[in-house]
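Now for the letters of each chain:
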Amino acid sequence: MQKIKSLMARQGLKSPQESMADLSPVENLRIPSKEELRELREQPIDPQAEQEMIDSIEELYYSNDSFDMVQHELEKLPPELNLQELEEYRDKLKKQQASVSKKVADLILEKQPAYVKELERVTALQANLQLAAVICTNARRQLSVSKEEFTEASLGLLANQRRRQLLTGLLKSLRTIKTLQRTDVRLSEMLEEEDYPGAIQLCLECQKAASTFKHYSCISELNSKLQDTLEQIEEQLDVALSKTCKNFDVSHYTKVQLAYTLLGKTQTAMDQLHMHFTQAIHNTVFQVVLGYVELCAGNADTKFQKMQYKDLCTHITMDSYIPCLTDLCKALWEVMVSYHRTMQWHEEHDKQDTSHTPGDAAAAESDESVVDRSYVKKKLEHGLTRIWQDVQLKVKAYISGTDMSNFKYDDFIVVLDVISRLMQVGEEFCSSKSEVLQESIKRQSVNYFKNYHRARLEELRMFLENETWELCPVKSNFNISQLHEFKFMGQCRSPSVSPSRQAVSSSSPAQDELSLFQQFLQEGNPFELPTEKEEETEDVLASNGYESDELEKNVYQDYDSDSDVPEELKQDYVDEQTGDAPLKSASRETIRSKKKSDYNLNKANAPILTNTTLNVIRLVGKYMQMMSILKPIAFDVIHCVSQLFDYYLYAVYTFFGRNDMPVPSPSLPTHLGRDAGPARVVGPACLYESSGLGLISSRLRTTLNRIQENLIDMEALGETSGVHGAAEDRKEKVPSPHLSQMVVLTNSGTLYGLAQRVVATESLVFLAEQFESLQFHLDTMMPAAKKPFLQQFYSQTVSTASELRKPIYWIVAAKAIDYEQMLLLMAGVKWDIREIMSQHNVYVDVLLKEFEQFNKRLEDVSRHVRIPLPVSNVLWEHCIRLANRTLVEGYANVKKCSNEGRALMQLDFQQFLMKLEKLTDLRPIPDKEFVETYIKAYYLTENDMEQFIKNHREYSMKQLANLVNVCLGSHINKKARQKLLAAIDDIDRPKR
C-alpha cells in the first residue's frame with residue numbers, strides 16, 4: 001500500500017479523500033509524462049514472466065504498512081558478504097520492483113476513466129449543495145416574517161391548552177402511582193388470608209403498571225419495593241407448600257399450585273415439594289423419638305437434641321418402644337398419605353385440563369404447559385420410591401437401635417404387626433417389597449425367636465415333668481380354631497395381612513377389598529392400635545368332663561338293646577368325609593360285638609388331651625401367627641414347631657414306651673429272658689419280639705434316634721462322659737424330661753397306669769391330627785426350597801405318632817395277664833393220652849378268667865378316661881397275640897405227645913377262641929393261624945415236615961426242634977429226626 005501511495009505521489013495523483021478536501025469546479029488531472037510512459041513501454045512485455053516475478057515476492061511484503069522492508073533485507077544478509085551475490089540479489093529486487101510498478105501503472109491507467117467520471121459527479125453535487133443553501137436562506141427569512149406577523153395572544157392560548165392537557169394526564173398518572181404506593185397494604189391482607197394467587201396476580205399487575213410510568217423517578221423505588229414483596233410472597237408460598245406434607249388440604253394446595261403457575265415456576269415448586277417431604281420425614285421421626293426419649297429420661301437434659309437420629313433410637317426403653325413405634329408409623333403415614341393425595345390431585349387436575357381443552361384447543365395448548373405437566377408427573381412417580389426408601393431407612397434405624405430378644409411375645413407380635421402393616425403400606429404406596437424393612441425385622445425376629453423358642457422348650461420340659469397325665473376336659477366339638485392363637489387363620493387367607501387388621505376387617509367384609517389408602521385416605525390411621533377389648537372367653541372346656549347331666553346319667557347305660565344304637569353305627573363303618581356307608585351291610589353280630597369294646601366315657605367322643613397338649617397347641621398357634629406376619633423366617637419357625645412336636649413325642653415314648661422293670665418270673669426258663677424291645681420284661685412276652693414281629697417300626701426307631709441326636713442334651717443327664725459337645729450345639733438342645741413321681745405305672749389295679757398311658761398316647765395322636773390339619777397352611781407359608789423338610793417332617797415324624805400305641809400298650813398287655821401261670825399249668829397237663837378227651841383243660845379256664853378280669857379292669861379305667869376303639873383293639877391284640885404265643889410255647893415244652901394229645905390241644909384252643917370271641921369284637925383273632933398251624937404240624941410226614949421248617953420261620957428253633965422230637969417214634973424215625981434237626985440248625989446258623 002505504501003508503494004502504491006508513493007507511486008501515486010510521484011505521478012501527481014491524489015486519493016479520493018484528498019480530492020474531496022480541495023474540491024473545485026475545475027480539476028486538472030495530472031497525466032504521466034511521456035518519458036515515464038515510454039520507459040514503461042520500452043520494458044519487455046512478457047505477462048507470464050512478470051506474473052512469476054510478482055509471485056516470487058515474499059509474503060511478508062504484503063503483510064501490513066508497518067513492515068520495515070529495509071530492516072528485513074538487512075537481517076537476511078549473511079555474516080560474510082559477497083559482492084557478486086549482493087549485486088545479483090539487488091538486481092532481483094529491482095526486477096521485482098519494476099514488475100510491481102508496471103503492474104500498478106497498468107491498473108491506474110485502466111481505472112483512470114472511471115476516476116474522471118466520478119470526479120465529474122462530485123462537481124455536480126457541489127453545485128446542487130450551493131443551490132440548497134440559497135433556498136434555506138430564503139426560507140429562514142420568510143419564517144421570521146411569519147413570526148412577526150402572528151399575535152402573541154393566539155400562540156399563548158394554544159400553549160395554555162396544551163399545558164392543561166399535559167397536567168390532566170400527569171394527575172391521572174399521579175393517582176395511579178399513589179394507588180401503586182398503597183398496594184403493599186392490600187398484599188399483606190391477601191397473604192394473611194392465604195390468597196396467594198390473588199396476591200401474585202395483583203403484584204404482577206402492579207409491576208406491569210409501574211413499567212408504564214418508569215420515566216418518573218419515584219417509580220424506581222416502587223419497582224424495588226414490589227420486587228421485594230414478590231420475593232416475600234414466594235417465601236410464604238414455600239412455607240405454605242411445606243405445610244401440605246403433613247396435612248394435605250385440597251383447597252390450600254390448589255391455591256399454592258395456582259400461585260406457582262402464575263409465577264411460571266411449576267417445576268421449581270415440584271422440586272421444592274420433594275425437598276419438603278424429605279425434610280418432613282426427618283423432622284417428624286426425630287421429634288417423635290426425641291419426645292419419648294426425653295419423657296423416659298425424666299429430666300430437662302438437652303443433650304438428646306444434639307444427637308443423631310440413629311443414636312437417639314438406642315435410648316428408647318422397652319416400655320416405650322411400642323408406643324413410640326406406633327406414633328412413628330402414624331406420623332410417617334400422615335406424610336405418605338399426603339403425598340398420595342398430592343398425586344391424586346395432579347392426576348385429577350390433568351384430566352380436567354385435558355377435558356376442558358378438546359380438539360383444536362388442545363392442540364393449541366402451549367408447549368410449556370405440556371412440558372410442565374410431564375415433568376411433574378415423572379417427578380411425582382420417581383418421588384414415590386425415594387420417599388418410601390427414606391421411610392424404610394428411618395424405621396430400620398429405629399428397629400436396629402433396640403435389642404428385642406427379651407420382649408414379651410405379645411409385645412413382639414405387636415411390633416411385627418406394625419411393621420407388617422407398614423410393609424403393606426409400602427407395597428400399596430409404590431409396589432415395593434420393602435427389602436430394607438424385611439431384612440432388619442428378619443434379623444431381629446431370628447434373634448428373638450431363638451431365645452423365645454429356647455425358653456419355650458425349657459418351659460415345655462417343666463410342664464412335662466410336672467404333668468400328671470390327667471384328662472383335660474374339653475367339649476366334644478373342640479377345635480383348635482376356637483383358641484385365640486388360631487383366630488388369625490380363619491380371618492385371613494393372605495399371610496401378608498397382619499392379625500390386628502384381620503380382627504378389624506372381619507367385622508366389615510366389604511372393606512377387605514379396599515386398600516389402606518382407600519380406607520384411611522380422608523381420616524383415620526391404619527396404625528391406630530385397637531382399644532384393649534375384653535378377652536373373648538374360650539368356650540372349649542366342659543364343666544365337669546360331660547357335655548350335660550343327662551349325658552352323664554346315660555354314660556353307663558346298658559348297650560345290649562339295639563334301640564339306642566344310631567343307624568349309622570349299625571354299619572361296618574361310615575366314611576367320615578362323605579358320611580356314606582359301604583355297600584356291604586354289617587351283620588347284627590358285628591354290631592353287637594362293637595358294643596363290647598366301647599369303653600368311651602360318653603357318646604360325644606371328646607378329644608383326649610392334657611393341659612400340656614393344650615399349651616403345645618397354643619404355642620404352635622403363636623409360632624404360626626409370627627410366621628404369617630413375617631414370611632422370611634417361616635422356615636426357622638416351622639423348624640422350631642417341628643421341635644415342639646419332636647420333644648412331646650420323645651417325652652411320651654420315654655415316659656411310657658420304655659420300661660426297665662422286669663416282670664417277676666422266678667420259675668421261667670432262662671432261655672426266655674430275652675430283651676423284648678421297648679419293654680424289657682422276662683417271660684413269654686419276649687416271644688412277640690423274638691418272633692420278628694417288632695413293636696417299633698424302623699421308621700419310628702429312626703425318628704426317635706434322630707430326635708435324641710439332634711434335640712436331646714444327653715450330657716445334661718450325665719449319660720455321656722469324656723469330650724463335651726460344643727457349647728453352641730448344646731445350647732440348641734434340651735435335657736430329656738423325667739416322669740413325674742406322682743404318676744405310678746406299677747400298680748396292677750390300674751392296669752399299670754393305663755389311664756395315664758391312654759391320655760399321654762392319645763393326646764400325642766390328637767396333636768398329630770392337629771398338625772395334619774395345619775399342613776396345608778404351613779405349606780403355603782414355607783419357602784419352595786424348604787418344602788421337602790416339611791414333607792419329610794410329616795411323613796417321618798407326625799405320621800409315626802399313632803405307631804407309639806404298640807410299644808406303650810404292649811407293656812400293659814405283657815403285665816395284665818399272668819402268662820407264667822398259664823405255662824406252669826400247661827406243664828402239668830399229660831399230653832400222651834390214648835383216648836380222645838371231650839373236656840378241655842383247666843388252664844384254658846384260668847386264661848379266660850384272666851381275660852375277663854382284664855376286660856373288667858378296662859371298663860373300670862374307662863370310667864375315668866375314654867378308651868378309643870383303636871386303643872382297645874391294640875390292647876386286645878397284644879393280649880391275644882401274647883396268649884397265643886404263650887400257648888405255642890407251652891405246647892413246645894411238651895416232652896411226649898400222642899395224636900389224642902394233639903386233638904386235646906385243638907380242643908383247648910377252640911374252647912379258648914369260642915369264649916374269647918364273646919369278650920372282644922376284634923376280628924380276625926390275632927395269631928390264630930399261628931397256633932393252629934403249629935398243632936397241625938404234628939401230623940406232617942417227613943418231607944412235609946422239612947418243607948414246613950423251611951417255610952415257617954416265625955417259630956423259634958426250640959419250638960421247631962420240639963416238634964421234631966415229639967414226633968419221633970410215631971411217624972418219624974431217628975434218621976429223619978437227625979435230618980430235620982440239621983435243617984433247623986442250618987436255618988438258625990445265619991442268625992448267630
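Predicted model, so just to flag it, every value in this text is computed and none were measured.

Points about the overall build of the protein
Piece 1. Summing up its helical and strand segments, the protein has 39 helices and 0 strands in all.
Piece 2. Across the 992 residues in the protein, those meeting the buried criterion constitute 42%.
Piece 3. Taking the contacts inside the protein whose residues are at least 6 apart along the sequence as the reference set, 78% of them involve residues at least 24 apart.
Piece 4. A total accessible area of about 54,800 Å² is found for the protein, and carbon and sulfur atoms account for 52% of it.

So, the side chain of Arg421
Piece 1. Following the sequence through the fold, Arg421 ends up in helix H17 (residues 409-430).
Piece 2. Side-chain polar atoms of Arg421 contact the backbone oxygen of Pro526, separated by 2.5 Å.

Considerations on the pattern of salt bridges
Piece 1. Enumeration over the complete set of coordinates arrives at 26 salt bridges.
Piece 2. We note a salt bridge from Asp327 to Lys330, for which the minimum N-O separation is 4.0 Å. Within this pair, Asp327 and its partner Lys330 are both found in helix H14 (residues 318-356), separated by 3 residues, close to a single helical turn.
Piece 3. Arg699 serves as the salt-bridge partner of Glu803, at 2.3 Å between the closest nitrogen and oxygen. Of this pair, Glu803 sits in the loop between helix H30 (787-796) and helix H31 (805-816) while Arg699 sits in helix H27 (residues 698-710), placing them 104 residues apart in sequence.
Piece 4. Salt bridges linked by common partners bring Arg454, Glu458, Arg461 and Glu465 together as one network.

Focus: the packing of helix H32 (residues 819-827) against helix H33 (residues 842-862)
Piece 1. Taken N-terminus to C-terminus, the directions of H32 and H33 make an angle of 170°; their axes are 9 Å apart at the nearest point. One element, H32, and the other, H33, form an angle in the roughly antiparallel class. Only Tyr843, Val846, Leu847 and Glu850 of H33 make contact with H32, whose side of the interface consists of Gln821, Met822, Leu825 and Met826.
Piece 2. Along the lines of polarity and charge, the residues of the contact of H32 with H33 split into 6 nonpolar, 1 polar and 1 charged.

Quick look at a nonpolar patch on the surface
Piece 1. Taken together, the side chains of Met69, Val70, Leu74, Leu77, Leu81 and Leu86 define a hydrophobic patch exposed on the protein surface, amounting to about 500 Å² of accessible area.
Piece 2. It is helix H5 (residues 69-75) that provides the largest number of residues to the nonpolar patch, a total of 3 residues.
Piece 3. If you trace the backbone, Leu81 turns up in the loop between H5 and helix H6 (83-149).

With respect to the environment of Leu981
Piece 1. Note that Leu981 resides in helix H39 (residues 974-988).
Piece 2. Distance in space between the C-alpha atoms of Leu981 and Glu946 is 9.4 Å, their sequence separation being 35 residues.
Piece 3. When near neighbours in sequence (up to four residues on either side) are disregarded, Leu981 contacts Ala961, Val964 and Asn965.

Quick word on H39
Piece 1. With 15 residues, H39 ought to run about 21 Å at 1.5 Å a step, and its terminal C-alpha atoms sit 21 Å apart, in line with that.
Piece 2. Those residues of H39 that fall on the buried side of the exposure criterion are Ala976, Leu980, Ala983, Ile984 and Ile987. One side of H39 carries all its buried residues, which in axial view fall inside an arc of 100°. In H39, the exposed positions angled more than 90 degrees off the buried face are occupied by Lys974 and Lys975.

Examining the nonpolar core
Piece 1. Grouped together as the largest cluster of nonpolar side chains are 231 residues, with contacts concentrated most on Phe851 and Phe912.
Piece 2. By residue number, the principal contributor to this core is helix H25 (residues 634-657), which donates 16 residues.
Piece 3. Contacts of Phe851, omitting those with residues within four sequence positions, involve Ile817, Trp876, Cys879, Ile880, Ala883, Phe912, Leu916 and Leu919.

Focus on the packing of aromatic side chains
Piece 1. This model, assessed by the stated rule, comprises 31 aromatic pairs.
Piece 2. The interplanar angle of 70° and the centroid separation of 6.1 Å between the aromatic rings of Trp469 and Phe655 together place this pair among those described as edge-to-face. Residue Trp469 is located in the loop between helix H18 (435-466) and helix H19 (487-491), and its partner Phe655 is located in helix H25; the two are separated by 186 residues in the primary sequence.
Piece 3. Overall, the relative accessible area of 5% leaves Phe655 in the buried class.
Piece 4. Across the ring face of Tyr452, the terminal group of Arg456 is positioned such that the distance to the ring centre comes to 4.5 Å.
Piece 5. The side chain of Arg885 reaches across the aromatic face of Phe930, ending 4.3 Å from its centre.

Topic: helix H29 (residues 754-781)
Piece 1. Between the first and last C-alpha of H29 there are 39 Å, a value that for 28 residues agrees with the 40 Å anticipated at 1.5 Å per step.
Piece 2. Along its length, H29 shows its largest kink, about 45°, at Leu774.

Structural notes on the confidence of the model for the protein
Piece 1. On average, residues of the protein carry a pLDDT of 77, and 74% of them reach 70 or more.
Piece 2. Per-residue pLDDT, averaged within each element of the protein, yields its smallest value for helix H22 (residues 549-553) (39) and its largest for helix H34 (residues 869-892) (93).
Piece 3. Here residues 545-595 is a poorly scored stretch, pLDDT under 50, and it has 54 contacts once near neighbours within four places are set aside; other chains count.
Piece 4. Counted against residues more than four places away or in other chains, residues 661-693, with its pLDDT under 50, gives 74 contacts.

Side note on the side chain of Gln257
Piece 1. Secondary-structure assignment places Gln257 in helix H11 (residues 250-263).
Piece 2. Look at Gln257 and you get buried, because its relative accessible area is 6%.
Piece 3. Setting aside chain neighbours within four positions, we find Gln257 in contact with Trp345 and His346.

Some words on unusual backbone geometry
Piece 1. The peptide bond linking Arg923 to Pro924 adopts the cis configuration, its omega dihedral lying at -10°.
Piece 2. Structurally, Pro924 is set in the loop between helix H35 (899-919) and helix H36 (928-936).
Piece 3. One non-glycine residue with positive phi stands out, namely Ser434, at about 55°.
Piece 4. Mapped onto the fold, Ser434 is located in the loop between H17 and H18.

Topic: the packing of helix H24 (residues 611-629) against H25
Piece 1. It is at 9 Å that the axes of H24 and H25 come closest, and there the two elements cross at 170°. When the interaxial angle is binned, H24 and H25 end up roughly antiparallel. Across from Thr612, Thr613, Val616, Leu619, Val620, Tyr623 and Met627 in H24, the residues of H25 making contact are Ala634, Val637, Ile638, Cys640, Val641, Leu644 and Tyr648.
Piece 2. Along the lines of polarity and charge, the residues of the contact of H24 with H25 split into 12 nonpolar, 2 polar and no charged.

Calculation notes
- Residues numbered from 1 in each chain as written.
- Predicted model: local features only at pLDDT ≥ 70, side-chain atom pairs only at ≥ 80, totals over all residues.
- Heavy atoms only, no water.
- Helix = DSSP H or I, 4+ residues; strand = E, 2+ residues; numbered from the N terminus.
- Buried < 20%, exposed > 50% of the residue type's maximum accessible area, 1.4 Å probe, protein only.
- Contact = heavy atoms within 4.5 Å.
- Areas by Shrake-Rupley, 256 points an atom, 1.4 Å probe, with all protein chains shown as cover.
- Polar contact = N/O pair within 3.5 Å; in protein donor to acceptor, adjacent residues only side chain to side chain.
- Salt bridge = Lys/Arg side-chain N within 4 Å of Asp/Glu carboxyl O.
- Axes fitted to C-alpha atoms, helices over the stretch in contact; angles between N-to-C directions.
- Parallel < 35°, antiparallel > 145°, perpendicular 65-115°, else oblique.
- Nonpolar A, V, L, I, M, F, W, Y, C, P; charged D, E, K, R; others polar.
- Patch = residues over 30% accessible without salt bridge, like charges linked within 9 Å, V, L, I, M, F, W, Y side chains within 5 Å.
- Expected span 1.5 Å × (residues − 1).
- Arc of directions from axis to C-beta.
- Core = buried A, V, L, I, M, F, W, Y, C linked by side-chain atoms within 4.5 Å.
- Phe/Tyr/Trp six-rings, centres within 6.5 Å; stacked < 30°, edge-to-face > 60°.
- Lys NZ or Arg CZ within 6 Å of the ring centre and 35° of its normal.
- Bend = angle between axes of the 7 residues up to and from the residue.
- pLDDT = per-residue confidence, 0-100.

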